[in-house]
Amino acid sequence: MPRRAQEDTEPLLSSTHIDENDDQASSRKKLSYEEAVEKAGFGLFHWLLLVVCGWANASDAVEILCVSFLLPTARCDLHLTSADMGLLTASIFLGVAWLVIPRTSLNAHWGWLNFQSWRLFVVLCSVPSLSSALIFRLFMPESPKFLMEARRETEALFVFQKMFKLNNRCATKPFPVPGLVIRSKDDEVKNRATSGSRCQQFNHQLKQALDPMKQLFVGPLASRSVVLLIIFFCISFGYYGLWMWFPELFKRAEDGGSPCTNVSRVQNSENESCYPVKTAVYMEGFVTAASNLPGNIFTILLMDRIGGKILLSVSLVASSMSVFIIYVVKTKAQSLIMSCVFSGVSVISWNALDVLGTELYPTQLRSSALGVFTGVGRVAAIMGNVVFGQLVDSNCAIPLLMVSALLLAGGLAALRLPQTKQTELT
């Protein structure tokens, strides 16, 4: 080879050799959680996770809300008062109630057991929850983030390898990560946790559990946490308090007029037969529940363009207006239309709230924040149902106007949240 050509090729060979060394060095070093996730890629594993989590979310909705479709029929069978029904937790499983509860052919009598169709509906509503538990237990791996925090490197690495294999089915090489960066615990903290009496150990563990919650209300996070607490309370009280009573309100509006003007009809219904069950109320509930779909599509299309803050505020104000109109309408058709509007708009609020709850907190505090806000939401939902149950017969206007006012307050409070559009997550 001429000397000039040899000199020209030497830098190229040297550069290639350096690149190969860099690749080998990167494959030998341990990676952080974020780096390992990036190496695992995106693909089939995440689509499967999306399906499983979606089914689990549906099971949660069924578990919490199914009783709302039972109220009109169970009220008659079990001789429930409105106050009694207000103590029930409820859920709507789209068309299942409409298909099952009105079917008198599904009733059965076995001596002391009177198995009505609404009881079969309760059994069917338990299927999503049970199947979700089995799917997660048998097929889904533990979170690698949790495993790394628990210093279980081998198990976390196995999960990443599984993710890489599913996401890169055509890859010829295995997952190119030999190890993961595991944060070491401070020896002093470890000693305090492992030494001392059981009472001291319990106090230490309790302090560790409460510390992330305390951080939510310190410094710049304090104001946004207070605002989100207000929003979660308002939307949970209003949404669950009203949504769970829709089938009962539809039943009261069967003969026309506003649901709040037919109290006497409910009071005189004790002499009516429980069966056959009228199917109209379940069809109307199905249509109202199906109105969630346009709201979900709207959220997908506009979340990144508008931002969660504006979307949350506008949707809560729109939900407030729709509830107020439900109170003032005079016909059954108008009530159904405004109920569908409330259903479609309020789901936008929930979707925006889920996004904001993730974007407004650093990774290590998101789970704690979600737990605190969900707890407040549950308390508000219980209060909403109790209030409806106590007042829906005596003064139906009070709970409806209260829901409208709380949703409006939540929408205005959302304006105090920081903007997260096009901001980098921490």
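Calculation notes
- Residues numbered from 1 in each chain as written.
- Predicted model: local features only at pLDDT ≥ 70, side-chain atom pairs only at ≥ 80, totals over all residues.
- Heavy atoms only, no water.
- UniProt positions renumbered as here; feature names shortened; annotations may be inferred.
- Helix = DSSP H or I, 4+ residues; strand = E, 2+ residues; numbered from the N terminus.
- Expected span 1.5 Å × (residues − 1).
- Buried < 20%, exposed > 50% of the residue type's maximum accessible area, 1.4 Å probe, protein only.
- Arc of directions from axis to C-beta.
- Phe/Tyr/Trp six-rings, centres within 6.5 Å; stacked < 30°, edge-to-face > 60°.

**Considerations on the UniProt feature "transmembrane region" (unreviewed entry) in the protein chain**
- Sequence positions flagged by UniProt for "transmembrane region" (unreviewed entry) are, in local numbering, residues 83–101, 121–139, 226–246, 310–329, 335–357, 369–391 and 397–415.
- The span residues 226–246 shows a helical share of 90% and a strand share of 0%, and its end C-alpha atoms are spaced 30 Å apart.
- Between the C-alpha atoms that bound residues 369–391 there is a distance of 33 Å. The span itself is 100% helix and 0% strand.

**With respect to helix α8 (residues 127–138)**
- Taking 1.5 Å of rise per residue, the twelve residues of α8 would be expected to cover 16 Å, and the 16 Å separating its terminal C-alpha atoms lies within 8% of that figure.
- Taken together, the buried positions of α8 are occupied by P128, S131 and S132. Relative to the axis of α8, the buried residues are bounded by an arc of 105° and lie together on one face. Facing away from the buried side of α8, by more than 90 degrees, are the exposed residues L130, L134, R137 and L138.

**Description of helix α10 (residues 153–167)**
- The end-to-end C-alpha distance of α10, which contains 15 residues, comes to 21 Å, matching closely the 21 Å that a straight helix rising 1.5 Å per residue would cover.
- Taken together, the buried positions of α10 are A156, L157, V159, F160, M163, F164 and N167. Across the axial projection of α10, the buried residues extend over an arc of 155°, all falling on one side. Relative to its buried face, α10 has exposed residues pointing more than 90 degrees away, namely T154, F158 and K165.

**Here's the deal with the packing of aromatic side chains**
- According to the stated counting rule, one finds eight aromatic pairs in the structure shown.
- Here Y239 and Y240 contribute two aromatic rings whose centre-to-centre distance is 5.3 Å and whose plane-to-plane angle is 85°, an arrangement assigned as edge-to-face.
- With centroids separated by 5.9 Å and ring planes inclined at 55°, the aromatic side chains of Y240 and W350 adopt a geometry described as tilted. One end of the pair, Y240, is in helix α13 (residues 221–243); the other, W350, is in helix α19 (residues 332–359), with 110 residues separating them in the sequence. The exposure classification of Y240 matches that of W350, with both residues buried.
- An aromatic cluster of at least three residues, connected via ring pairs, comprises Y239, Y240, F342 and W350.

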